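Observations on the model geometry
So you can see what is in the structure, the chains are spelled out below.
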Amino acid sequence: MRIGIDVGGTNTDAVLMDGTTVIGHVKHSTSKDITGGIGGALTALQQQYSFSPSAVQAVMIGTTHFLNALIEQRGLAPTAALRLGLPATAALPPMVGWPRDLVSAVQGRHYLAHGGHEFDGRRISPLDPDEIRRHAADMARSGTRSVAISSVFSPVNLECEAAAAEIVRQELGPDVAVSLSHEIGRVGLLQRENATIINAALRELADHIVDGLASSLVEHGIAAPLYLSQNDGTLMDIEYARRYPVATFASGPTNSMRGAAVLSGLASCAVIDIGGTTTDVGVLTNGFPREATTEVTVAGVRTNFRMPDVFSIGIGGGSLVDADGLTVGPESVGYELGSRALVFGGDTLTATDIAVAAGLADVGDRSAVAHLNRGLVSTALDRISRRVADAVEQMRTTSDPLPVVAVGGGSVLLKHELPGLGTVIRPERFDVANAIGAAIAQVSGEVDRVEAVRDGRRQILADDARQEAIDRAVAAGARPESVQIVEFDEVPIPYLPGNATRIRVKAVGDLALHSGDLARHSGLVSTGQEGSR
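Rules of the game
- The residue numbering used here restarts from 1 in each chain and proceeds along that chain's sequence as written.
- Two thresholds apply to this predicted model, a pLDDT of at least 70 for residue-level local features and 80 or more for giving and counting side-chain atom pairs, whereas whole-chain, interface and lining totals are computed over all residues.
- Note that water and hydrogens are dropped before the side-chain values are worked out from all heavy atoms of the structure.
- Interaxial angle, 0 to 180 degrees, is taken between N-to-C directions of lines fitted to C-alpha atoms, where a helix line uses only the stretch in contact.
- Counting from the N terminus, the helices are the DSSP runs of H or I reaching at least four residues and the strands are the DSSP runs of E reaching at least two.
- Between 65 and 115 degrees an angle is taken as roughly perpendicular, under 35 as roughly parallel, over 145 as roughly antiparallel, and anywhere else as oblique.
- Crossings are classed by handedness, with left-handed meaning an anticlockwise turn of the near helix from the far one by less than a right angle and right-handed meaning a clockwise turn.
- The criterion used for residue contact is that any of the two residues' heavy atoms lie within 4.5 Å.
- Residue type decides the class: Asp, Glu, Lys and Arg count as charged, Ala, Val, Leu, Ile, Met, Phe, Trp, Tyr, Cys and Pro as nonpolar, and the leftover types, Gly among them, as polar.
- Residue exposure (1.4 Å probe, protein chains only): buried if accessible area is under 20% of the type maximum, exposed if over 50%, otherwise partly exposed.
- Per residue, pLDDT measures the predictor's confidence, with a range of 0 to 100.
- Between the rings of Phe, Tyr and Trp (Trp by its six-membered ring), a pair exists once the centres lie within 6.5 Å; its type follows the angle of the planes, with under 30 degrees stacked, over 60 edge-to-face, and the other angles tilted.
- Charge-over-ring contacts are defined here by two conditions on Lys NZ or Arg CZ: a distance within 6 Å of the ring centre and an angle within 35 degrees of the ring normal.
- Between any two strands, pairing holds if DSSP finds at least two bridges.
- We define a salt bridge as a contact between a side-chain nitrogen of Lys or Arg and a carboxyl oxygen of Asp or Glu at a distance within 4 Å.

With respect to the packing of helix H1 (residues 35-49) against helix H6 (residues 189-219)
One way to put it is that H1 packs onto H6 with a least axis distance of 10 Å and a crossing angle of 20 degrees. One way to sum up the angle between H1 and H6 is to call them roughly parallel. Both H1 and H6 take part in a crossing whose hand is right-handed. In this structure, H1 contributes Thr 35, Ile 38 and Leu 42 to the contact, and H6 contributes Gly 212, Leu 213, Ser 216 and Leu 217. When the residues that make up the contact of H1 with H6 are grouped by side-chain class, the tally is 4 nonpolar, 3 polar and no charged.

This is how it looks when you write it as structure tokens:
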């Protein structure tokens with residue numbers, strides 16, 4: 001058995017699954033510290049379905065806690081950015097273009113040093129150890145606790161970042177957290193560097209959150225390994241989560257889309273996930289979320305790590321509704337829905353109250369919304385449907401018919417048909433699709449690099465990249481026989497010499513769960529998942 005948990009802004013959903021069969025599910029209010037909500041969901045799950053904790057083979061959790069912490073600028077560590085690339089790259093220093101308040105929140109400092117490589121592996125300049133030591137000494141004096149190291153074309157050659165990291169650790173001590181850009185982002189220096197700095201700022205919080213999640217399982221007698229959901233719909237173990245908290249940023253909508261694929265049986269469709277605060281719209285292609293092909297802006301910072309292509313609007317079950325029904329959201333009562341909505345004894349008109357008044361949902365006290373004007377209710381529902389339909393239209397890339405699947409507890413707000421899109425598919429257990437998506441997630445390995453493709457070498461380079469992606473997926477915990485290539489791209493880069501080509505490969509496989517894996521994961525032990533990026 002597996003337990004899948006998804007922590008939303010309003011509710012924490014948990015499912016108990018045997019393979020792809022849902023044995024039971026519960027909803028529990030999300031708590032401010034998230035671990036309280038998870039603990040409450042686990043308690044409710046045990047009370048309702050009386051399973052033995054020893055029968056649980058794995059627990060998968062999806063949470064956007066780290067993204068929320070970045071947006072809210074809380075729990076961020078004093079961070080320094082060290083870039084290796086002089087004499088090149090000096091025109092645009094690290095953290096250029098960042099919101100000033102976010103730079104202040106991370107007490108951001110930046111340093112430039114010699115090093116880096118060209119796309120074909122040639123050095124820009126030799127690394128200067130003494131220069132790195134001087135920078136590290138200044139970091140120590142300034143109270144830096146986390147360091148982000150980036151180097152020009154480090155996804156092609158990582159030796160400069162690795163050497164600089166060793167020097168920084170020697171100077172600042174073993175407790176300093178070091179994040180390396182070739183492990184986090186893709187080709188593209190500034191965006192990769194930004195993602196690395198964000199990751200570094202979250203490292204201390206990641207330790208705190210992961211310890212809290214692990215403790216919640218122990219308190220419920222569950223000794224099974226713990227995994228967190230990644231942005232691309234696959235899993236990472238807790239040691240990987242400690243090192244790369246940015247990999248969780250889009251796990252919420254990703255889990256919902258993966259769950260929608262399983263519940264609807266559709267491998268390609270548009271997915272509408274309506275929660276308590278927001279509506280996320282994405283597109284599934286071959287069972288996985290379509291990936292964003294452009295840079296992704298997070299908290300006002302441009303990044304280039306893996307993120308699904310998701311369009312979000314401020315509509316959910318907790319959205320505030322004005323007196324005439326013309327405005328729904330973006331303000332929301334969030335996790336206070338259970339006390340502030342009219343049907344729950346509160347004094348705030350929410351979208352949930354509208355759904356109950358329209359007979360679309362049966363929660364709380366229906367008599368508390370009996371006084372609502374029918375015109376108000378109809379206007380609000382029309383407003384919601386039109387805004388959601390517009391969001392789906394913005395995600396379309398062709399005029400071909402695209403099935404629409406609605407999941408999430410707030411999807412009861414939608415009418416059975418959306419303007420211009422036709423019938424909405426709302427599968428069984430739609431309200432916990434997010435937790436189901438977490439429970440059935442797989443593990444992945446990815447290769448993203450630039451190669452000089454010479455005559456007769458193209459196929460060899462492509463085959464090597466495929467095999468490396470497969471090896472990384474296996475190292476991350478996938479059953480070897482289940483691994484398959486799900487993405488392969490070759491993109492020539494015309495502005496670089498030597499027939500430069502960017503090769504991207506992604507391999508995905510089922511999580512291996514057997515006695516050996518349980519023994520390996522029972523403590524806070526790494527599975528070598530650093531190969532999955």
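Considerations on the side chain of Thr 79
For Thr 79, the location among the structural elements is in strand S5 (residues 79-86). Classification of Thr 79 as buried rests on a relative accessible area of 0%. Excluding residues within four positions of it along the chain, Thr 79 makes contact with Val 106, Gln 107, Gly 108, Arg 109, Thr 144, Ser 146, Ile 197, Ala 200 and Ala 201.

What about the environment of Phe 430?
Relative to the helices and strands, Phe 430 resides in the loop between strand S21 (422-425) and helix H12 (433-439). Here the alpha-carbon distance between Phe 430 and Gly 409, two residues 21 residues apart in the chain, equals 7.2 Å. Those residues within four positions of Phe 430 in sequence are excluded, and the remaining contacts are Leu 263, Ala 406, Val 407, Gly 408, Ser 411 and Val 412.

Regarding the confidence of the model for the protein
Of all residues in the protein, 95% attain a pLDDT of 70 or more, and the chain-wide mean is 85. Across the protein, strand S7 (residues 146-151) holds the top mean pLDDT of 96, while helix H14 (residues 515-521) sits lowest at 36. pLDDT under 50 marks residues 515-533. Its contacts with residues more than four places away, or in other chains, come to 45 contacts.

Side note on the packing of helix H2 (residues 65-72) against H6
Packing of H2 against H6 brings their axes to within 10 Å, and their N-to-C directions diverge by 125 degrees. As summarised for this structure, H2 and H6 are arranged oblique, according to the angle between their axes. By crossing handedness, the relation of H2 to H6 is classed as right-handed. Contacts between H2 and H6 involve His 65, Phe 66, Ala 69 and Leu 70 from the former and Ile 198, Leu 202, Leu 205, Ala 206 and Ile 209 from the latter.

A short note on the packing of aromatic side chains
One pass over the full model with this rule turns up 1 aromatic pair. Note that Arg 426 overlies the ring of Phe 430, its terminal NZ or CZ placed 5.9 Å from the centroid. Between the NZ or CZ atom of Arg 466 and the centre of the ring of Phe 488, over which it lies, the distance is 4.0 Å.

Re the sheet that holds S7
Spatially, 4 strands are ordered S6-S5-S7-S8 in an open sheet, and the strand pairing comes out parallel. Taken across any chain shown, the strands that pair with only one partner, and hence form the sheet edges, are strand S6 (109-114) and strand S8 (177-180). The mean angle between the axes of side-by-side strands here comes to 20 degrees, regardless of whether they run parallel or antiparallel. Note: S5 against S7, 6 bridges, orientation parallel. Residue pairing across strands places Arg 83 opposite Ser 150, the latter belonging to S7. On the sheet, helix H4 (residues 129-142) packs against S5, S6 and S7 and is oriented at approximately 170 degrees with respect to S6. Relative to S7, H6 is tilted by about 165 degrees, and along the sheet it contacts S5, S7 and S8.

Things to note about the pairing of strand S12 (residues 279-285)
Counting buried residues along S12, 6 of its 7 residues qualify, which places the element largely inside the surrounding structure. Here 6 bridges tie strand S11 (residues 269-274) to S12, and the two strands are oriented antiparallel to one another. Bridge pairing in S12 links Ile 274 to Thr 279. Pairing of S12 with strand S16 (residues 310-313) involves 4 bridges; the strand directions are antiparallel. The residue of S16 that forms the bridge with Asp 280 is Ser 312. Examined bridge by bridge, S12 and strand S13 (residues 288-289) share 2 bridges and lie antiparallel to one another. Residue pairing in the sheet places Thr 285 in a bridge with Phe 288 of S13. Here S12 folds back onto S13 in antiparallel fashion, the turn holding 2 residues, of which Asn 286 has a positive phi close to 55 degrees.

Let's talk about the pattern of salt bridges
The full count for this structure, using the stated rule, is 27 salt bridges. In this structure, Asp 138 engages Arg 109 in a salt bridge whose closest nitrogen and oxygen atoms are separated by 3.0 Å. With a gap of 29 residues between them, Asp 138 in helix H4 and Arg 109 in strand S6 connect regions that are remote in the sequence. Under the relative-accessibility criterion, Asp 138 is labelled partly exposed at 22%. For the salt bridge of Arg 340 with Glu 336, the shortest nitrogen-to-oxygen distance reads 3.4 Å. A network of salt bridges, in which partner residues are shared, links Asp 207, Asp 211, Glu 239 and Arg 242.

Quick notes on unusual backbone geometry
For the peptide bond that leads from Leu 86 to Pro 87, omega is 10 degrees, which places it in the cis range. Position of Pro 87 relative to the elements: it lies in the loop between S5 and helix H3 (100-105). Even without a glycine there, the phi angle at Gln 73 is positive, about 55 degrees. By secondary structure assignment, the location of Gln 73 is in the loop between H2 and S5.

Details of the sheet that holds strand S9 (residues 226-229)
Across the sheet, 6 strands lie side by side as S3-S2-S1-S4-S9-S10; this open sheet has mixed pairing. A strand with exactly one partner marks an edge of an open sheet, and here the two such strands are strand S3 (21-29) and strand S10 (235-237). Taking each pair of neighbouring strands and ignoring which way they run, the sheet shows an average axis angle of 25 degrees. The sheet strands contacting H6 are strand S4 (58-63) and S9, and the helix crosses S9 at an angle near 135 degrees.

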